Amino acid sequence: MPQASNCPPQEDQRLPPATGAWQETDPVGDRRFAELGSLDLELGGRIPAVRVAYELLGTVNDSADNVVVVLHALTGDAHVAGQPGPGHPTPGWWDQIVGPGRALDTDRWAVLCANVLGGCQGTTGPSSRAPDGRPWGSRWPRTTIRDQVAVELALLDHLGVQRATAVIGGSMGGMRALEWAVGAPHRVGAALVLAVGAAATTDQIATQSVQLRAILGDPGWAGGDYHLARPGDGPHAGLGLARRIAQLTYRTDTELEARFGRAAQPGEDPLGPSVAGSSAGSGRFAVQSYLDHQADTLIRRFDAGSYVALTDAMSTHDIGRGRGGVPAALRAVQLPLVVAGIDSDRLYPLRLQAEIAALVPTAEELRVIASPHGHDAFLLESVQVGKLVEETLARSVG
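Computed from a predicted model, the values in this text were never measured in an experiment.

**So, helix α6 (residues 286-299)**
Inference 1: Helix length check: α6, at 14 residues, gives a terminal C-alpha distance of 20 Å against a target of 20 Å (1.5 Å per residue), a fit within 8%.
Inference 2: In terms of residue burial, α6 counts as a mostly covered element, since ten of its 14 residues are buried.
Inference 3: Taken residue by residue, α6 has A286, S289, Y290, L291, D292, Q294, A295, D296, L298 and I299 as its buried positions.

Below is the structure:
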């Protein structure tokens, strides 16, 4: 049973950069880039030039009808499969699903995964250079899930792909998969919608707003214009706190109890003398070390501005906006839709996926992933998720 020894006893003491975003001087790695031109935004405003970073695993066939689009979640990126290396600090986030002989077999399918609009791993976002050569920062406009999908559709056009075999996504990626099914059904043959709802709930908006407050209230946020600050500066405390809050919604109390209980972090005493200026002890419980590790890892590979922009897009997610409401939008879906939830998910509980499955005529019955891991099970339960991927591909209409 994993304990706190899975986490380093002491976090990396190197000063983190002002932003963990990919920079132009960093190794490109497996990224490819597409310049897509300007984008008019759903809620008003315009981005004059959008660049997308993407990865393509497998080979697009002569008729370009074997492309499967995989959509990443909030802090994911285009590196859906593959080892860590120059330009990629972490391994592929769905490495057990995508690859030769796996559920998304790259010997058969061309798997396309793009860093989302507003992201920080090569696609235009708050940390990117605006036309004047400076980071967008506080000037970044408000963007939505629909804007993200508009960019993904433009990428298909750029690649000469008229219709994807399927779109597949969980969490924020599931929002986009659902938006593809509702807003662009002529561009896709089937969709897998994992661990998400048709619209953000009050609880999700509330939890996400607390995370945003943590970042916006950090003096290092500097109004959003921190990207050129020295290493060690920037809104690291706020982003780290946001990650800690989010991590608790991604996992379950049962799992945390089983993994950590009330154990102390090895070599530390949470019941020892208090820290000066605080009533807390000088040591940590194991679960505190786990959360600290999650926070420290994120601030070194992600951008606070992207976290704010993408979290806001998740809070404004509403598949029924401008379409007569959620029921009307979902009842209009005609392409095959596989809808799945996680039995222990407390962030996106099963009732939300049950609503989608009940209203979409082609959804059949709700698929349930059994897992103790909560929301993160869509990343961890590779066998169960792989079967859902295979079902989606089998149901595709072309």
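Resuming the write-up.
**A closer look at the nonpolar core**
Inference 1: Core analysis: the biggest nonpolar cluster contains 80 residues, and V69, W180, Y307, L330 and L337 have the highest contact counts within it.
Inference 2: In contact with Y307, not counting residues within four places along its chain, are L74, T75, Q211, L212, I215, L239, A242, R243, A246, Y250, L298 and F302.
Inference 3: With 30 residues, the next largest nonpolar core counts A73, W109, L194 and V338 among its residues.

**Section: the packing of helix α4 (residues 236-250) against α6**
Inference 1: Between α4 and α6, the shortest axis-to-axis distance is 8 Å and the interhelical angle comes to 125 degrees. Judged on the interaxial angle alone, α6 and α4 are oblique. The two elements α4 and α6 cross, and the hand of that crossing is right-handed. Side by side, α4 and α6 meet where H236, L239, G240, R243, R244, Q247 and L248 of the first sit next to Y290, L291, D292, Q294, A295, L298 and I299 of the second.
Inference 2: Residue composition of the contact of α4 with α6, grouped by class: seven nonpolar, four polar and three charged.

**Considerations on the pairing of strand β5 (residues 166-170)**
Inference 1: Taking burial as the measure, the five residues of β5 include five buried ones, the bulk of the element.
Inference 2: Burial along β5 is two-sided: A166, I168 and G170 and V167 and G169, pointing in opposite directions, are all buried.
Inference 3: With four bridges joining them, β5 and strand β6 (residues 191-194) adopt parallel strand pairing. By the bridge assignment, G169 is partnered in β6 with V193.
Inference 4: One crossover worth recording links β5 to the parallel β6 by way of helix α2 (residues 172-183), and it is right-handed.

**Some words on the pattern of salt bridges**
Inference 1: Tallied over the entire structure, the rule returns 22 salt bridges.
Inference 2: For the salt bridge of E365 with R367, the shortest nitrogen-to-oxygen distance reads 4.0 Å.
Inference 3: In this structure E365 comes out as exposed when scored by relative accessible area, which is 59%.
Inference 4: In this structure, E391 engages R367 in a salt bridge whose closest nitrogen and oxygen atoms are separated by 2.6 Å.

**A closer look at the side chain of H227**
Inference 1: On the secondary structure map, H227 appears in the loop between α3 (202-216) and α4.
Inference 2: A polar contact is formed between the side chain of H227 and the side chain of Y226, at a distance of 3.2 Å.
Inference 3: A polar contact is formed between the side chain of H227 and the side chain of D303, at a distance of 3.1 Å.

**Remarks on the environment of G170**
Inference 1: As for its placement among the helices and strands, G170 is situated in strand β5.
Inference 2: On the basis of relative accessible area, G170 is assigned to the buried category, the value being 3%.
Inference 3: Measuring from C-alpha to C-alpha, the distance between G170 and L71 comes to 7.4 Å, with 99 residues separating the pair along the chain.
Inference 4: When sequence neighbours within four positions are dropped, the list of residues in contact with G170 reads L71, A73, L194 and F378.

**Describing the side chain of R243**
Inference 1: Take R243: it is sitting in helix α4.
Inference 2: The buried charged residue R243 lacks any salt bridge partner; its closest oppositely charged side chain belongs to D376, at an N-O distance of 6.4 Å.
Inference 3: Excluding residues within four positions of it along the chain, R243 makes contact with T75, Y250, Q294, A295, L298, R301 and Y307.

**Remarks on α3**
Inference 1: In this model α3 runs 21 Å from its N-terminal to its C-terminal C-alpha over 15 residues, within 8% of the 21 Å that 1.5 Å per residue would give.
Inference 2: Those residues of α3 not exposed but buried are Q204, T207, Q208, Q211, L212, A214 and I215. For α3, the angular spread of the buried residues around the axis is 155 degrees, confining them to a single face. For α3, exposure combined with an orientation more than 90 degrees from the buried face picks out T202 and R213.
Inference 3: Against α4, α7 (304-315) and α9 (350-359) lie the buried residues of α3.

Cut-offs applied
Residues numbered from 1 in each chain as written. Predicted model: local features only at pLDDT ≥ 70, side-chain atom pairs only at ≥ 80, totals over all residues. Heavy atoms only, no water. Helix = DSSP H or I, 4+ residues; strand = E, 2+ residues; numbered from the N terminus. Expected span 1.5 Å × (residues − 1). Buried < 20%, exposed > 50% of the residue type's maximum accessible area, 1.4 Å probe, protein only. Core = buried A, V, L, I, M, F, W, Y, C linked by side-chain atoms within 4.5 Å. Contact = heavy atoms within 4.5 Å. Axes fitted to C-alpha atoms, helices over the stretch in contact; angles between N-to-C directions. Parallel < 35°, antiparallel > 145°, perpendicular 65-115°, else oblique. Left-handed = near helix turned anticlockwise from the far one by under 90°. Nonpolar A, V, L, I, M, F, W, Y, C, P; charged D, E, K, R; others polar. Pairing = 2+ DSSP bridges. Right-handed = clockwise from strand over helix to strand, strands pointing away. Salt bridge = Lys/Arg side-chain N within 4 Å of Asp/Glu carboxyl O. Polar contact = N/O pair within 3.5 Å; in protein donor to acceptor, adjacent residues only side chain to side chain. Lys, Arg positive; Asp, Glu negative; His and termini not counted. Arc of directions from axis to C-beta.

That is the geometry; function is a separate question.
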